[in-house]
Amino acid sequence: MLPSISIIGGTGAEGSGLALRWAYSGYQVTIGSRTLDKALEKAAELNIKMPDTKPQLVGEDNLTAVKASQIVVLTVPYSAHRETLLDLKENLRGKILIDVTVPLMPPKVDQVHIPAGGAAGLEAQEILGSDVKVVSAFQNISAAHLQDPEMNIDCDVLVCGNDSSACEEVIDLVEAAGMSGIHAGLLVNAIAIESLTPVLISLNKLYKIRDAGIRVTGISRTEK
Ligand SMILES: NC(=O)c1ccc[n+]([C@@H]2O[C@H](COP(=O)([O-])OP(=O)(O)OC[C@H]3O[C@@H](n4cnc5c(N)ncnc54)[C@H](OP(=O)(O)O)[C@@H]3O)[C@@H](O)[C@H]2O)c1
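Since the model is a prediction, treat every value here as computed from it, not as a measurement.

A closer look at the packing of aromatic side chains
In the structure shown here, the tally under the stated rule is one aromatic pair. For the pair Trp-22 and Phe-138, a centre-to-centre distance of 5.7 Å together with 75° between the ring planes defines the contact as edge-to-face. Of this pair, Trp-22 sits in helix 1 (residues 13-24) while Phe-138 is found in the loop between strand 6 (133-136) and helix 6 (143-146), placing the two residues 116 residues apart along the sequence. Grouping residues by exposure puts Trp-22 and Phe-138 together as buried.

As C-alpha cells, then:
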C-alpha cells in the first residue's frame, strides 16, 4: 500500500505542485496550512485537475496534517522554518520529514546564504532530534515545473539524509512525482544542494528563463 503524504505549507507554489503530482500518482495527500480554510480551498482547487479515478486531496490545519501521515513534507519560507518545526516537533516523532526549504534571504534570492546551522536540512535535524528521519530533497526543482502533472520533468533531484532507507523511500516519491531521484549522500551535503538553488535563480535571471535545473552525468539511469 502506498504511504500517505502530508505537506506543511502545501498551499504555496512548491508544496501544491508536489501535492498534485503525488495525488496524480495515486498517493493520498493532505495539504497543510496555518489556516484550515486556506488548506480546504487549495485542496478543492487541485481536485478540479484530478481525474475521478485518482484519490482526492484533502486540506487540514498543519498539526492535523502531520498527524495524518508517516511522511511529512515541509515547504515553507526559510523565515518560518524553525518556528514551524518547533510547533510540530512532538507530532513528527517516528516520521520521515522531507525538507524542501532553501535558506534564501529575500530580496537577495540569487545569492547563496549559508545559515547558522549550515543548511536548513541540518537545522531541521538538530531541532527535531534523532526521532525524526530528516531527508533533504526538491530544493532545485522550480515550482514552475510542477504544475502540469502529466509533464515529465527533465531534472534530477538530489536526495540526502543520514538514514539510507528513508532516502530510498524518498527517491521512490521523487520518481512517483515524475522526476529522477539520485541518492546524494549524508544530510551534511544539503549545504551544497540548498546552495545550488540561488545559482539556478541566477541562471533564470541571466538567461531569461523560468526553470533552470540540474542533471548529473555519469550515472546509469537503470542502475541508480
Ligand atoms: N517556489 C519554488 O520554485 C521553490 C523551488 C525550490 C524550493 N523552494 C523552497 O520551498 C519552500 C516553499 O516555497 P514556496 O515558493 O512554495 O513558498 P511560499 O509560497 O512563499 O510559502 C509556502 C507556504 O508557506 C506558508 N507560510 C508562509 N509564510 C509563513 C510563515 N511566516 N509561517 C508559517 N508558514 C508560512 C504559507 O502557507 P499557509 O499560509 O497556508 O500556512 C505558504 O503558502 C521555500 O523554502 C522555498 O525556498 C521553492
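Section: the site of the ligand
The ligand sits among 21 residues. The nearest are Thr-11, Ser-33, Arg-34, Lys-38 and Val-76. Gly-12 is positioned such that a nitrogen or oxygen atom in its backbone is 3.3 Å from an oxygen atom of the ligand. Backbone polar atom of Ala-13 to an oxygen atom of the ligand: 3.1 Å apart, as the coordinates give it. Judged by the fraction of its atoms near the pocket grid, the ligand is located in the largest pocket. Here the residues of the shell around the ligand are counted per class, giving nine nonpolar, nine polar and three charged.

Notes on the layout of surface pockets
Of the voids in this model, the largest pocket is the one considered here, and its volume is about 890 Å³. For the largest pocket, the lining is made up of 40 residues, of which Glu-14, Thr-75, Val-76, Pro-77 and Tyr-78 are closest to its centre. Counting residues per element, the ones that place at least two in the lining of the largest pocket are helix 1, strand 2 (29-33), helix 4 (81-92) and helix 8 (190-207). Across the lining of the largest pocket, the residue classes tally to 18 nonpolar, 16 polar and six charged.

The rules we used
Residues numbered from 1 in each chain as written. Predicted model: local features only at pLDDT ≥ 70, side-chain atom pairs only at ≥ 80, totals over all residues. Heavy atoms only, no water. Phe/Tyr/Trp six-rings, centres within 6.5 Å; stacked < 30°, edge-to-face > 60°. Helix = DSSP H or I, 4+ residues; strand = E, 2+ residues; numbered from the N terminus. Buried < 20%, exposed > 50% of the residue type's maximum accessible area, 1.4 Å probe, protein only. Near = heavy atom within 4 Å. Polar contact = N/O pair within 3.5 Å; in protein donor to acceptor, adjacent residues only side chain to side chain. 1 Å grid on protein atoms, 1.4 Å probe; cavity = no way out; pocket = protein on both sides within 12 Å on 5 of 7 lines; lining within 4 Å. Sits in = over half its atoms within 2 Å of the grid points. Nonpolar A, V, L, I, M, F, W, Y, C, P; charged D, E, K, R; others polar. Points joined across faces, edges and corners; volume = space filled by probe spheres on them.

Any functional reading would require information beyond the geometric quantities listed.
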